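Notes for the structure review
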Amino acid sequence: MARQVLSSCALLLLLPLLLGPQAPLASAARHPALWPLPMSVHLSEDLLYLTRESFEITHGPSSTAGPRCFLLEEAFRRYHEYIFGYFLSPNDHLGGTQLQKLHVTITSADSECDAYPNSTSDESYKLVVHCPVAVLEARTVWGALRGLETFSQLIYKDPYGVYVINESEVIDTPRFGYRGVLIDTSRHFLPVKTILTTLDAMAFNKLNVLHWHIVDDNSFPYQSMAFPDLSEKGAYSYAHIYSQADISIVIEHARLRGIRVIPEFDTPGHTISWGKGQKDLLTPCYQGSEKTNSFGPVNPILNTTYEFMSKFFKEISRVFPEEYIHLGGDEVDFDCWESNPFVTEFMKEQSFGKDYRKLESYYIQRLIDIVSSTNKGYMVWQEVFDNGVKLKQDTIVEVWKEEFYRKELADVTAAGYAVVLAAPWYLDYITYGQDWKKYYAVEPLNFAGTKKQKDLVMGGTAALWGEFVDATNLTPRLWPRASAVAERLWSPKDVRNLDDAYERLAEHRCRMVRRRIAAEPLYIGYCEL
Amino acid sequence: MARPGHVGALLLLLLPLPLLLLAFKTPAQQTEELGAYVWPWPQKISVFPNQTFVLTPSLFHFQYSAASVVQPGCSVLDQAFVRYRGIIFGPGPWVTPDQPGLKQKVKSSLEVFVAVPGCDQFPEMNSVENYTLTLNDDHFILKADTVWGALRGLETFSQLIWRSAEGMFCVKWTEIVDFPRFPHRGLLLDTSRHYLPLQAILETLDVMAYNKFNVFHWHIVDDPSFPYESMTFPELSRKGSYNPATHIYTIGDVKAVIEHARLRGIRVIAEFDTPGHTLSWGKGIPGLLTPCYSGATPSGSYGPVNPILNTTYEFMTLFFQEISSVFPDFYLHLGGDEVDFTCWRSNPGIQAFMKEKGFDRYEKLESFYIQKLLNIVSSYKKGYIVWQEVFDNEVKLSPDTVVHVWKELETLPYTKEMYNVTKAGYHVLLSAPWYLNHISYGQDWQQAYKVEPLNFEGSPEQKSLVIGGEACMWGEYVDVTNLTPRL
C-alpha cells in the first residue's frame, strides 16, 4: 500500500516546491483546489494527517483576540464542520505525522472582533502549515476569516479516506477590496434563508459585499418603522416582507463572515412600489391636461418629497451599520416628468429649460445632501455621473452599462471618482455553455488611464437581477459563475490560465455542493460524494 | 340550475351531456372565469362561473363507480386516489366551513368510472387517455376509457380546485371533455453526462404527471459514463460508471423508475445509443470499440462500436436480450446519431472490410451495423426508435420504426426532415425545437410554446404519422443541482 513519504516533525525536510500562482499544482491533480488562488502559495510534498476527534482550531497564545471573540469562536466551529463534514474519519493510521492544531493569531491591538467590516478592512493573512501546529496570522479577524477558508481548502481526503494537508505556506491579500454580489429582492422576494445561504457561499469565495437591491418598481418588501405603509401597501403580500428582525439577522450573518451589507434604495426611478404606500411621492403622469392613473419617478418638485426622504434615510442609516448606502439613480424615464404641467412650471422657474437631466441632478443633489447629513457615504449608478450631477469627491460610481464600459471606467476615474465595475458581470444574462470563462477573462483595469486612475477601481459586483430569478433557481444560477468573478477580484492579475482555473473551479464547485450549496456543474463530470 | 350568461351558437354534442360551451369567448376570458388554471388546456371545457361547490377535506374521497369495470385493488388508481388527496388538500388541519348560511353545495366525493379493464399493465403507445369530467349539482364524476385516462382526469380535477379567502376548497360547476392531441409526449433525461440520483428521476416523473407527459426517454448511457448496472455484463458499470459504488442504477433502481412511471401512466423508453456515443462501453467490454490508428499503429484512443467483428454482434445479442426483458415498453431507442467516421477510416481492418463489402461510403458501414442491430432487437419482439441520421443514411427500417427528428440545420431544417420522414411512411417524433438544455435569457418558454409540430408541407396522411414529440434536457451542464428549475 503505497503512501506519501511521511517523516517525524523533527526530521522534516521542507522541500518547498516554489509554485508560482500560474502553474498547475503538479502533485495534486485536483488537490488541493484553492479558490480564489492566493497571492502566494508554497506547497511541500510532505503530508500531515488530521482527525476530526483530535484536531482543534484555537486562538494563538499571543493573539489579541480570545474566547470572548464570538466572531472567531463561531468561525472555528463552522470551519471544523466544513473540514470534517459529518463523517467520522478512520481511526487507524498507518503512522505518519499528525497536525494537531491550528492557532489563529490576531496581531493588531484592535482585532475588530465586534466591529463591522468596512471599505478599509485588512483582509490579509499568513498561513504556515507545519507539524504539529499550523499558524494563521492576520492583523484583524477579517484576515483570519479569509485564512480559515483557505486552510479548509488545503485539506483533502487521501484514497484511504484520511484527511490530509500538505505542509505549506500561504501569504495572501486581495487585489481588490470591494468584491460584491448583487441580489434583487423586489422583482422576486427572496426568503431570508436564501439570502443567508448566499452569504455562506460568498464566504467560501472570499466575496465581501452583499449589494442588497432591496426595493424597486415591482414590490417594496422592506418594512419601514417610520413609514409602515410602504411595505403594507407595496409588498407582494404580507408573506413577502423583511421585518427589522430579518434585516438584523442578515446583517449579523454577514458580519460573522466579514461581509458588508450595502442596501440600495434606488430613486428617483424604479420607485412605482413606493407610491402605493406613500401618497404624493411619485409624479402623476398627464395626458395633455388630464391626469392619468399612472405614475412616474419620484416627484422632485415637492417639499414633501424631501421631508419624506430625510426621515426615510435617517431610518436607513440607523438600520444598516454599513457606512455606504447605494442611492441608485439609474434609468430615470423623463416622459412622465415631461407630461406633468407642474413639473414643467418648475423647470421654467429653475431655468432648466428642457433639460430634464438638470431636474434629475437637482433631485439627486438634494438627496445626497440629505444622506450626507447622516454621515453615510454613498454609491450611485453611472447615470448620475453621466448626467453631470455634482457629486462629493468620495462618491463611488458603479458602472453597469455593457456598451463602452471601458470608456466609462476611464471617464469616471479621470474625474477622480472611485468606481465599482458591474457591467461585464451581469450573471442574470444566462447563455448556453461555459460562460464562467468570459466572466473570468474580464480584466477590470483594462482601460486607458493613469496608475492614479486605476487605483480608483475599488472592485466589482456580480449582479443577479431578479426578473427571472427567485429561491427556486437562485443558487445554481449564481454559483459557480460568481466564483469566476470572485477569483478575478481577489487573485493577482496574472492568474488567468483557463485550464488551471477549470481544474480548481470544478473541485471548488464540488466542495460547495458538499457544503450544501447547490452550485451547478461547469461541464460533464461528477463529484465524489 | 342557473345557466351561463352566454350560450354558444355551436353546441358540440360529443357526449349525451348538455355541454354549454363558452363560445365566443377567448381562452383568456374562459380562464379568468374559471377561478383556477388548467395546464395543459383541455380540448373542451365549460364552466358555470357563478356555481361553486365546496369540498370538505376531512370527508372528501375518490370512489370507484359501481358500474366501473375497475374497482379497488387496482394499484394505479388506488395509489392515485391517495396521492391526489394529498396534492389537493395537503396534510391539514383544515378550516371547516360554517354550516349555517353556507351558500355553496358541499361535495364529498368524486366518482371514478373506468370502462375498459386493465390495471396491472404498462401504458403503451396506443393507450387511450381520454376522459370526461362532470362537476355539477347531480354528479361529480370522472369517466375514462382506461385507467390512464382516469389519471389524466385526476390531474385536471386537482387543478380546478382553489382555496377561497376563508380557506375553503372550492371548485366550479365544470364540464370537461379531454384527450391528447398527440399520443407520444415525452421528456428526455441524460444520466451519462451527469449522474442523476434516483430521487431526482422520481421527482421528475411526478412533475411530468402534473403536465400530462406520458413518455420518459431515458438516455441512460453515453460517452462519459455508463451507470446502468447490467446483470449480463457487470463490468460495463464497474469500469464505465463515474463511481461504481455511488453513480450507478441497480436493477432495483431501474425497476423503481419503471413502476413509479407506470403508476403515473408514463412509459419508460430506454435509449442505449450506438454505434457512436459509446466510449464508456469500451471500458468494460474490451474489443467492443474500434481502435483508432495513427498511420500503421493504434493511437490508443477508441471510436464507435466496431462493426466488423462477430464478437460485437454476439455482445449486442446478449446485451439487448437483457435490455428487452428489463424494460417492458414495446419500444427501445437505439440511438444511431452522430457517428464520427474518423476512427473507422483510420483502422486498417475496417478499410479492408469496406473494400471486401464494396462500401464506397462509411454511411454504408454504419447502415450495415444498424441493420444487424435492428434485426437483433426485432428478434426480441421490440420496436425501435432511432435518431434521424439512421433514416438519413438510408438504413432499411421496419415499417413501425419511429424516426426521431432532432437536427435544425440551415441545409436541413426540421420541417423539411419531418416531410422527408413522413413521406417515406415512417412515424416521426419531434425534438428539434425543444432542446431545453439550450438556455437563453428571458421568457424562452414562449419559443417552445409557439412551435406547431404539423407546420410542414405534407399530406394529411403524412401529418398523421407525427405521433408527438419530446422535450430534451441533455446533461452537459445539468445535474441534480439545477435540473428542476431548468426543466
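Procedures and definitions
Counting restarts for each chain, with residues numbered from 1 along the sequence as it is written. Chain A is the first chain written and ligand 1 is the first ligand written, with later ones labelled in order. Where local features are concerned, this predicted model is filtered to residues with pLDDT of at least 70; where side-chain atom pairs are given and counted, the filter is 80 or more; whole-chain, interface and lining totals use all residues. Note: side-chain values were computed over all heavy atoms of the structure, leaving out hydrogens and water. UniProt positions are given in the numbering used here, feature names are shortened, and annotations may be inferred rather than shown by experiment. Helix and strand labels come from DSSP, where a helix needs a run of H or I of at least four residues and a strand needs a run of E of at least two; each type is numbered from the N terminus. Partly exposed residues are those whose accessible area sits between 20% and 50% of the maximum for their type, while under 20% is buried and over 50% is exposed, using a 1.4 Å probe and protein chains only. Contacts between residues were defined by any pair of non-hydrogen atoms, one from each residue, lying within 4.5 Å. The term salt bridge refers to a pairing of a side-chain nitrogen on Lys or Arg with a carboxyl oxygen on Asp or Glu at a separation within 4 Å. Start and end points for every domain follow an automatic or database-based domain assignment. Buried area: the accessible area, evaluated with a 1.4 Å probe, that two parts lose upon being put together, summed over both parts. Where helices are involved, their axes are fitted lines through C-alpha atoms of the stretch in contact, as for all axes, and angles between N-to-C directions lie from 0 to 180°. The cut-offs work like this: below 35 degrees is roughly parallel, past 145 is roughly antiparallel, 65 to 115 is roughly perpendicular, and the gaps in between are oblique. Any residue that is not Ala, Val, Leu, Ile, Met, Phe, Trp, Tyr, Cys, Pro, Asp, Glu, Lys or Arg is counted as polar, Gly included; the first ten are nonpolar and the last four charged. Any two strands with at least two DSSP bridges between them are considered paired. By disulfide we mean two sulfur atoms from cysteines, separated by a distance within 2.5 Å.

As annotated in an unreviewed UniProt entry, chain A carries the name Beta-hexosaminidase and is attributed to Phascolarctos cinereus. Here is the UniProt Sequence similarities (unreviewed entry) comment for chain A, exactly as written: "Belongs to the glycosyl hydrolase 20 family."

1. Topic: the overall build of chain B
Along its length, chain B carries 16 helices and 18 strands. With the C-alpha coordinates of chain B rotated into their principal frame, the extents come out at 90 × 50 × 45 Å. The buried share among the 487 residues of chain B stands at 55%. Of the contacts made within chain B by residues no fewer than 6 positions apart, 73% connect residues no fewer than 24 positions apart.

2. Thoughts on the pattern of salt bridges
Tallied over the full model, the rule gives 42 salt bridges over all chains. The shortest N-O distance in the salt bridge between Asp-411 of chain A and Lys-407 of chain A comes to 2.9 Å. One end of the pair, Asp-411 of chain A, and the other, Lys-407 of chain A, are both in helix α12 (residues 405-414), four residues apart, so they sit about a helical turn from each other. Residue Asp-411 of chain A is classed as partly exposed on the basis of its relative accessible area, which comes to 30%. Salt-bridge contacts for Glu-235 of chain B lead to Lys-239 of chain B; the nearest nitrogen and oxygen are separated by 2.6 Å.

3. A word on the domain arrangement of chain A
All names here are of chain A. We note that the domain assignment places domain 1 (40-172) and domain 2 (178-515) within chain A. Distance from the C-alpha centre of domain 1 to the C-alpha centre of domain 2: 35 Å. Contacts between the two partners involve 23 residues from domain 1, matched on the other side by 21 residues from domain 2. Considering only the surface of domain 1 that becomes buried against domain 2, Tyr-82, Tyr-116 and Arg-146 emerge as the three largest contributors, covering 30% of it.

4. Examining the packing of helix α4 (residues 198-210) of chain B against helix α6 (residues 251-262) of chain B
Residue and element names in this part refer to chain B. Taken N-terminus to C-terminus, the directions of α4 and α6 make an angle of 10 degrees; their axes are 10 Å apart at the nearest point. Taken together, the axes of α4 and α6 are roughly parallel relative to one another. The segment α4 lies against α6, with Leu-198, Ile-201, Leu-202, Leu-205 and Asp-206 engaging Asp-253, Ala-256, Val-257, His-260 and Ala-261. A class-by-class count of the residues in the contact of α4 with α6 yields seven nonpolar, one polar and two charged.

5. What to know about the sheet that holds strand β15 (residues 377-381) of chain A
Residue and element names in this part refer to chain A. Spatially, eight strands are ordered β9-β10-β11-β14-β15-β16-β17-β18 in a closed barrel, and the strand pairing comes out parallel. Ignoring which end each strand starts from, the neighbouring axes of this sheet average 30 degrees apart. Contacts between helix α3 (residues 192-204) and the sheet are confined to β9 (178-184) and β10 (209-213), with β10 contributing the most and set at about 150 degrees to the helix. Running at roughly 165 degrees to strand β11 (residues 260-267), helix α7 (residues 303-319) makes contact with β11 and β14 (324-328) of the sheet.

6. Some points on the side chain of Thr-140 of chain A
For Thr-140 of chain A, the location among the structural elements is in the loop between β6 (133-138) and α2 (141-154). Overall, the relative accessible area of 3% leaves Thr-140 of chain A in the buried class.

7. Considerations on the state of the cysteines
Throughout the structure, instances matching the rule amount to five disulfides over all chains. Bridging Cys-69 of chain A to Cys-113 of chain A, the disulfide has an S-S length of 1.8 Å. With the S-S bond torsion at 95 degrees, the cross-link from Cys-69 of chain A to Cys-113 of chain A turns out right-handed. Here Cys-69 of chain A is found in the loop between β3 (56-59) and α1 (70-84), whereas its partner Cys-113 of chain A is found in the loop between β4 (101-106) and β5 (125-129), with 44 residues between them in sequence. Neither residue differs from the other here; Cys-69 of chain A and Cys-113 of chain A are each classed as buried. What pairs with Cys-74 of chain B in a disulfide is Cys-119 of chain B, and their sulfur atoms sit 1.7 Å apart. As the torsion about the S-S bond is roughly 75 degrees, the Cys-74 of chain B-Cys-119 of chain B disulfide counts as right-handed. Of the two residues, Cys-74 of chain B is situated in the loop between β2 (61-64) and α2 (75-89) and Cys-119 of chain B in the loop between β4 (109-114) and β5 (131-135); the sequence distance between them amounts to 45 residues. The exposure classification of Cys-74 of chain B matches that of Cys-119 of chain B, with both residues buried. In chain B, the bonded cysteines, taken in the order they occur along the sequence, pair up as 1-2, 3-4.

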